[in-house]
Amino acid sequence: MNQPDLGEQAISKAAEVGIENQLDEVEDLQVDVRANPLDLVGGKLESVTIDGKGMVMKKELRAERLILQTDAIAVDSVKAALGNLKLTQDTNAEAKIVLLEEDLQRAFNSEYIKGKLQNQKLDLNSETVTVNARNVKFTLPGDKKIGLEADIEIAESQTTKHIALSAKPSLDADGNKIAIADVEYHDRENAAFAQALLDSTKEILDLRNFELDAMSLKIDKLDVCQGKIIMAASAVIREFPDN
């Protein structure tokens, strides 16, 4: 691969700073802008590649890896000469996102998700009870399944139920959310307590959590593997983040 020239380096660095400003944390971020100098004068970039490791996104969700590769991009040539990526039209890209089991477990322990699992109202045997989920454990055991366990405290009776289940996540119709199917309960008697956990799983895996400003993502493929989830997605980028 040819070494980037000074113009490419300046644009790449500006884009890196803009993206970093949208993240809570990032371990390593590389933005590689490729442009023929003559094309750049005419407002065209060959491609932009974003490669992020350890990116902490919305709702404290960490992505082990996020790689985004654009098609050719039309930009404002004057701003590009000053190191800014100002798109003159939307551009398409392909993305790959890798989530580790421990990242998803961490998301369940975030204040946002823990708050959603407290003081849930549930109709149980013709009564409305208040339940709280504690000690949530999320696993990726393989065979395209997720595993969930939790202790469910029932406030009114001051009792605790332990629930455990496995399920298969899949893409829903709109391509940016996850559907949960083939739920298997280890004890069906406690199945009524599981819905809040399943809803939180779908919310954590919502692809919109990984969108930067002025970007939309649609999942094309979902692979649930032992220890990790890999998502392939198509993206539409309306603007790159400013620095």
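Thresholds applied
- Residues numbered from 1 in each chain as written.
- Predicted model: local features only at pLDDT ≥ 70, side-chain atom pairs only at ≥ 80, totals over all residues.
- Heavy atoms only, no water.
- Helix = DSSP H or I, 4+ residues; strand = E, 2+ residues; numbered from the N terminus.
- Buried < 20%, exposed > 50% of the residue type's maximum accessible area, 1.4 Å probe, protein only.
- Contact = heavy atoms within 4.5 Å.
- Areas by Shrake-Rupley, 256 points an atom, 1.4 Å probe, with all protein chains shown as cover.
- Lys, Arg positive; Asp, Glu negative; His and termini not counted.
- Charge placed at Lys NZ, Arg CZ, Asp CG, Glu CD.
- Pairing = 2+ DSSP bridges.
- Polar contact = N/O pair within 3.5 Å; in protein donor to acceptor, adjacent residues only side chain to side chain.
- Axes fitted to C-alpha atoms, helices over the stretch in contact; angles between N-to-C directions.

> Can you lay out the overall build of the chain for me, pointing to particular residues and giving the numbers?
Within the chain one finds six helices and 13 strands. Seen through its principal axes, the chain has C-alpha atoms that stretch 75 × 30 × 30 Å. Burial status across the chain gives 47% buried among its 243 residues. When contacts within the chain are restricted to residue pairs at least 6 apart in sequence, those whose partners lie at least 24 apart make up 54%. Surface exposure of the chain reaches about 12,400 Å², of which carbon and sulfur atoms provide 45%. Once the 29 positive and 44 negative side-chain charges of the chain are each reduced to a mean point, those two points are 2 Å apart.

> Give a detailed account of the pairing of strand β4 (residues 62-70), specifying residues and quantitative values.
Bridge count for strand β3 (residues 47-56) against β4 is seven bridges, and the pairing is antiparallel. Bridge pairing in β4 links Val-56 to Arg-62. Linking two consecutive strands that pair antiparallel, namely β3 and β4, is a turn of five residues; a positive phi of about 60 degrees is found at Lys-59 within it. Sheet topology places β4 next to strand β6 (residues 91-100); six bridges connect them, and they run antiparallel. Residue pairing in the sheet places Thr-70 in a bridge with Ala-93 of β6.

> Help me get a handle on the side chain of Asn-190, residues and values and all.
Inspection of the secondary structure puts Asn-190 in the loop between β11 (178-185) and α6 (195-204). Only 3.2 Å separates the side chain of Asn-190 from the backbone oxygen of His-162, close enough to count as a polar contact. When sequence neighbours within four positions are dropped, the list of residues in contact with Asn-190 reads Lys-161, His-162 and Ile-163.

> Break down the sheet that holds strand β1 (residues 28-34) for me, citing the residues and quoting the values.
Across the sheet, six strands lie side by side as β1-β3-β4-β6-β13-β12; this open sheet has antiparallel pairing. Among the strands making up the open sheet, the edge pair consists of β1 and β12 (215-225). This sheet shows a mean twist of 15 degrees between the axes of neighbouring strands, independent of strand direction. Packing of helix α4 (residues 101-108) onto the sheet brings it into contact with β3, β4, β6 and β13 (228-237), and relative to β6 it is tilted by some 85 degrees.

> With reference to specific residues and values, describe the sheet that holds strand β7 (residues 120-124).
In spatial order, the strands read β7-β8-β9-β10-β11; together these five strands make up an open sheet with antiparallel pairing. Of all the strands in the sheet, the pair left with one neighbour each is β7 and β11. Adjacent strand axes in the sheet meet at a mean angle of 45 degrees, parallel and antiparallel pairs treated alike. Sheet analysis places strand β9 (residues 145-154) next to strand β10 (residues 159-171), joined by nine bridges and oriented antiparallel. Residue pairing in the sheet places Ile-152 in a bridge with Lys-161 of β10. Set on the sheet, α6 makes contact with β7, β8 (127-142), β9, β10 and β11; between it and β11 the angle comes to about 145 degrees.

Just distances and angles here, no functional claims.
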